[in-house]
Amino acid sequence: MIAHSKPTLDSADAAAVSAVVASGQLACGPRTAEFEDNVAAYIGATAGVAFSSGSAALHASLVALRIGPGDEVLLPSYVCTAPYTAIQLAGATPVLVDIDGRTFNIDVEDARSKVSPRTRAVIAPHMFGLPADVEGLTSIGRRVAIIEDCAMSLGTRIGDQRAGSRGVCAVFSFYATKMISTGEGGMVLSSDATLLDALRDLRAYDGREAYAMRPNYKMTDMQGALGTTQLHKLPSFIERRREIARTYDAALRALGHEPPLAPLGVDQVYYRYVVRVPSADDFIAAMHVHGVDCRKPVYKPIHRYLGSDACPVADDVWRTAVSIPIYPSLSNAEMAHVVRSMTDVVRALKSGAQF
Ligand SMILES: *Cc1c(COP(=O)(O)O)cnc(C)c1O
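What you see is a predicted model; the values in this text were computed from it and never measured. (Residues numbered from 1 in each chain as written. Predicted model: local features only at pLDDT ≥ 70, side-chain atom pairs only at ≥ 80, totals over all residues. Heavy atoms only, no water.)

Take the overall build of the protein next. Of regular secondary structure, the protein possesses 12 helices and 12 strands. In terms of overall dimensions, the protein is globule-like: its C-alpha atoms have a radius of gyration of 21 Å, near the 20 Å expected for 355 residues. By the burial criterion, 55% of the 355 residues in the protein qualify as buried. In the protein, of all internal contacts separated by at least 6 residues, the share reaching a separation of at least 24 is 70%. Element-wise, carbon and sulfur atoms account for 53% of the exposed surface of the protein, whose accessible area totals about 14800 Å². Charge-centre separation for the protein: the mean point of 35 positive side chains lies 1 Å from the mean point of 37 negative side chains. (Helix = DSSP H or I, 4+ residues; strand = E, 2+ residues; numbered from the N terminus. Rg over C-alpha atoms; globule rule 2.2 N^0.38 Å. Buried < 20%, exposed > 50% of the residue type's maximum accessible area, 1.4 Å probe, protein only. Contact = heavy atoms within 4.5 Å. Areas by Shrake-Rupley, 256 points an atom, 1.4 Å probe, with all protein chains shown as cover. Lys, Arg positive; Asp, Glu negative; His and termini not counted. Charge placed at Lys NZ, Arg CZ, Asp CG, Glu CD.)

Next up, the structure:
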């Protein structure tokens, strides 16, 4: 079976982790600080604060922004449950917003319609590597802080800016199968000195005079060292993902099928290669028979967990979007097998009158 998703690791990664183990300095320290500086420089932010996961980074950014009970935070329904959980952990009220069916990103007009006097922030994930409309979101309310969720978009460029440099802060994840990997890990980048101080304060719970709730969300130096070696390879990772995407695009066009959106002026990273089909479940089952693991790119929209049907576009995308294997370590032979399988499946489903 060709895996849906996989980290891309080599001997330089292993050597970096071994060196930390040999040094005896394992906890959050100089290698984590170095990784923070490297990611901040890459994105173009003043500084970064590393956390144990993207989820922890999301929660920490809400707390650092002093968002809590009585406050509302907007988020799209079509995303994993991590941002929703972070808002709940902060004690704030999540408000679900529908998505744009073309970009899979938060719908700005629907977000605007859900702003209330209590709205303090919007969490805007750049889904699958395609940037959300941050400029549009700045117009929904003066007091609404934009938290960019870049867990799927490390490296995406919009003109000459990187995703993650336009909101009040940006949150990243380095989970095993994200753009780069530290096993588990996350970071908040910002250019707001007060916010950066609050984030650092939150992370250091020991030896404090006054008590405040400071959950242990620290990254280890083993992860920090791995993050830096992975970040060095990010340009080649992105290049390989684009190469695979171009191959899949050509195969789909040859079948008369629409490839994923590629907006002008955006250099996306193809964290996921997402195609619309009449039935995601049928497509996934047929690809499995060919030995290719495809997935729904979002397991279930959040409103569905809550038994609501308030986000019809997210529902439609949930039923019809599939994610096809794309990662730097996918070999040319595997890529060719995916193309052959996709071609067979699209043709078969077409002749079965489903396409
Ligand atoms: C992966 C992901 C997260 C959570 O990151 P973890 O490191 O797994 O906690 C949050 N938001 C989005 C959009 C993600 O893809």
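Here the narrative resumes, following the displayed structure.
Structurally, A198 is set in helix α7 (residues 193-203). Here A198 falls in the partly exposed class, since its relative accessible area comes to 24%.

Here we take up the pattern of salt bridges. This model, assessed by the stated rule, comprises 17 salt bridges. Residue E109 pairs with R112 through a salt bridge whose shortest N-O separation is 2.9 Å. Within this pair, E109 and its partner R112 are both found in helix α5 (residues 108-113), separated by 3 residues, close to a single helical turn. We classify R112 as partly exposed; its relative accessible area is 33%. With its nearest N and O atoms 3.3 Å apart, the salt bridge here joins D201 to R214. A residue pair is termed long-range when its members are at least 10 positions apart, and D201 in helix α7 and R214 in the loop between α7 and α8 (221-254) qualify at 13 residues. Overall, the relative accessible area of 29% leaves D201 in the partly exposed class. (Salt bridge = Lys/Arg side-chain N within 4 Å of Asp/Glu carboxyl O.)

Before going further, it helps to examine the site of the ligand. In the neighbourhood of the ligand, the contacting residues comprise S53, G54, S55, V79, C80, A82, D149, A151, M152, S173, K178 and G185. In the model, an oxygen atom of the ligand is placed 2.7 Å from a nitrogen or oxygen of the S173 side chain. Protein contacts shield 89% of the accessible area of the ligand, which totals 380 Å² for the unbound molecule. For the shell around the ligand, the class distribution of residues is 5 nonpolar, 5 polar and 2 charged. (Near = heavy atom within 4 Å. Polar contact = N/O pair within 3.5 Å; in protein donor to acceptor, adjacent residues only side chain to side chain. Nonpolar A, V, L, I, M, F, W, Y, C, P; charged D, E, K, R; others polar.)

With 5 of 5 residues buried, strand β2 (residues 72-76) lies mostly within the body of the structure. By the alternation rule, side chains of β2 split into E72, L74 and P76 and V73 and L75, which are all buried. Sheet topology places β2 next to strand β3 (residues 93-97); 5 bridges connect them, and they run parallel. Following the sheet pairing, P76 is matched in β3 by V97. Note that the unit made of β2, helix α4 (residues 82-89) and β3 has a crossover that is right-handed. The pairing of β2 with strand β4 (residues 119-125) spans 3 bridges and is classified as parallel. (Pairing = 2+ DSSP bridges. Right-handed = clockwise from strand over helix to strand, strands pointing away.)

Time to look at the nonpolar core. Membership of the largest hydrophobic core comes to 69 residues, with the highest contact counts inside it found for F51, Y78, I147, L154, F174 and L234. If you tally residues by element for this core, the top one is helix α3 (residues 54-64), at 6 residues. (Core = buried A, V, L, I, M, F, W, Y, C linked by side-chain atoms within 4.5 Å.)

It is worth spelling out the sheet that holds strand β6 (residues 157-158) at this point. In space, the 3 strands of this open sheet follow the order β7-β6-β10, with antiparallel pairing throughout. One side of each edge strand has no neighbouring strand; the edge strands of this open sheet are β7 (161-162) and β10 (266-267). Where β6 lies against β7, 2 bridges are found, and the strand directions are antiparallel. Counted as the bridge partner of R157 is R162 from β7.

Now for the pairing of strand β12 (residues 321-324). Successive side chains on a regular strand alternate, one facing one side of the sheet and the next facing the other. Burial along β12 is two-sided: A321 and S323 facing one way and V322 and I324 facing the other are all buried. For strand β11 (residues 273-276) and β12, the ladder comprises 4 bridges, and the chain directions are antiparallel. Opposite R276, over in β12, you have A321 as the bridge partner.

Ordered in space as β1-β9-β8-β5-β4-β2-β3, the 7 strands form an open sheet in which the pairing is mixed. Both outer strands of the open sheet, β1 (47-51) and β3, are each paired with one neighbouring strand and no more. Ignoring strand direction, the axes of neighbouring strands in this sheet form an average angle of 25°. Along the sheet face, α4 touches β2, β3, β4 and β5 (145-149) and points at about 150° away from the line of β3. (Axes fitted to C-alpha atoms, helices over the stretch in contact; angles between N-to-C directions.)

With that settled, the discussion passes to the side chain of R241. The residue R241 is located in helix α8 in this model. As a buried residue without a salt bridge, R241 has its nearest oppositely charged side chain in E239, at a separation of 11 Å. Engagement of the side chain of R241 in a polar contact is seen with the backbone oxygen of I326, the distance being 3.3 Å. Among residues more than four places away in sequence, those in contact with R241 are K178, M179, V269, Y270, Y271, I326, Y327 and P328.

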